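Per-entry structural report
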Amino acid sequence: MAQQLMSYRVDYRTDPPRIVNWRPPQKSRDGGELAWLRRDHEPDHGRGAPAGGWHASVRTFHISVDEQAPLARVRTERQPGRGQAVYLVDDGYGAPLGRITYRRRPFARPEWIVEPTAGPAVRGRKGRLFWWAVWWPWGLMLSWVSAIMAIFAEGDGGFGPPRRVTWRDASGRVHLVFRGIADEYEVREEGWDPRLVSALVGLHQSFDPSEGAPSVGWYSVARA
């Protein structure tokens, strides 16, 4: 299911939220080819995942269109430590589409690695170093001010750190881009399976939700 160049965004005006995609230059906010993000009712504890209760990084959900069989399923493969989680993405019949790794470590930018079953692996880190350098001395202070104003109902608490993610292969070629200000994902290289891209969008949004999403992300993990 190779695809042409596409753009994606998550529409939080529905419950469950839906993934909207379109082909440039069409830029309709509503887009087309809708798919729904649906959290599975029971956690799927992958190899090495905690055996009891929910964990902050455990994810198990599927992407579907109406009442048809899921287009893709996402489940936690393993969690070797607090700083990394690995997710498997399968199609609706259990055939593997790829693996997605999320890494978050102290004093380092959060990192996403996507390894398709066919095609090059790509790696992306949250924000650009330049904008992080700008944000740390000034943005952090402004985010505190914004949060305080929100407490007193004089702000929305929406000021945050850089969010842009650019996924590149080993040669430095850009394949995927998340534009934080526009809250949209762009596919820059042909050959990407839309099911794997949709799974990445759902995972990324569960950790770094866009405007309009619940404060803890659409996945809203419930603690046991």
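It should be emphasised that the depicted structure is a prediction, and the values quoted were computed from it without experimental measurement. (Residues numbered from 1 in each chain as written. Predicted model: local features only at pLDDT ≥ 70, side-chain atom pairs only at ≥ 80, totals over all residues. Heavy atoms only, no water.)

1. Brief notes about the overall build of the chain
Regarding its fold elements, the chain presents 2 helices and 12 strands. Here the contacts in the chain between residues at least 6 apart in sequence split such that 44% fall between residues at least 24 apart. Accessible surface for the chain amounts to roughly 12400 Å². Of this, 54% is attributable to carbon and sulfur atoms. (Helix = DSSP H or I, 4+ residues; strand = E, 2+ residues; numbered from the N terminus. Contact = heavy atoms within 4.5 Å. Areas by Shrake-Rupley, 256 points an atom, 1.4 Å probe, with all protein chains shown as cover.)

2. Details of helix 2 (residues 194–207)
Structurally, the α-helix is built with 3.6 residues per turn, so residues lying three or four positions apart point the same way. Taking 1.5 Å of rise per residue, the 14 residues of helix 2 would be expected to cover 20 Å, and the 20 Å separating its terminal C-alpha atoms lies within 8% of that figure. Counting buried residues along helix 2, 12 of its 14 residues qualify, which places the element largely inside the surrounding structure. Buried within helix 2 we find Arg195, Leu196, Val197, Ser198, Ala199, Leu200, Val201, Gly202, Leu203, His204, Gln205 and Ser206. (Expected span 1.5 Å × (residues − 1). Buried < 20%, exposed > 50% of the residue type's maximum accessible area, 1.4 Å probe, protein only.)

3. Things to note about the side chain of Ser64
Within the secondary structure, Ser64 is located in strand 4 (residues 60–64). For Ser64, a relative accessible area of 3% corresponds to the buried category.

4. Overview of the environment of Gly212
You can see Gly212 is positioned in the segment after helix 2. Between the C-alpha atom of Gly212 and that of Asp11, which follows or precedes it by 201 residues, the distance is 8.3 Å.

5. Description of empty space enclosed by the protein
Under the criterion given, the structure shown has 1 cavity of 30 Å³ or more. A volume near 40 Å³ is recorded for the largest cavity. Lining the largest cavity are Tyr8, Trp167, Leu176, Val177, Tyr185, Glu186, Val187, Val197 and Leu200. Contributing elements (two or more residues each) for the lining of the largest cavity: strand 11 (174–179), strand 12 (184–187) and helix 2. Here the element with the most residues in the lining of the largest cavity is strand 12; it accounts for 3 residues. In terms of residue class, the lining of the largest cavity is made up of 8 nonpolar, no polar and 1 charged. (1 Å grid on protein atoms, 1.4 Å probe; cavity = no way out; pocket = protein on both sides within 12 Å on 5 of 7 lines; lining within 4 Å. Points joined across faces, edges and corners; volume = space filled by probe spheres on them. Nonpolar A, V, L, I, M, F, W, Y, C, P; charged D, E, K, R; others polar.)

6. Section: the pairing of strand 8 (residues 111–116)
For strand 8, a buried count of 5 out of 6 residues is recorded, marking the element as mostly surrounded by other parts of the structure. The pairing of strand 8 with strand 9 (residues 122–125) spans 4 bridges and is antiparallel. Counted as the bridge partner of Trp112 is Gly124 from strand 9. Counted between consecutive antiparallel strands, the loop separating strand 8 from strand 9 contains 5 residues, among which Gly119 sits at a positive phi close to 120°. (Pairing = 2+ DSSP bridges.)

7. A look at unusual backbone geometry
Omega for the peptide link from Asp15 to Pro16 comes to 5°, which places this bond in the cis form. Despite not being glycine, Asp183 has its phi angle at roughly 55°, a positive value. On the secondary structure map, Asp183 appears in the loop between strand 11 and strand 12.

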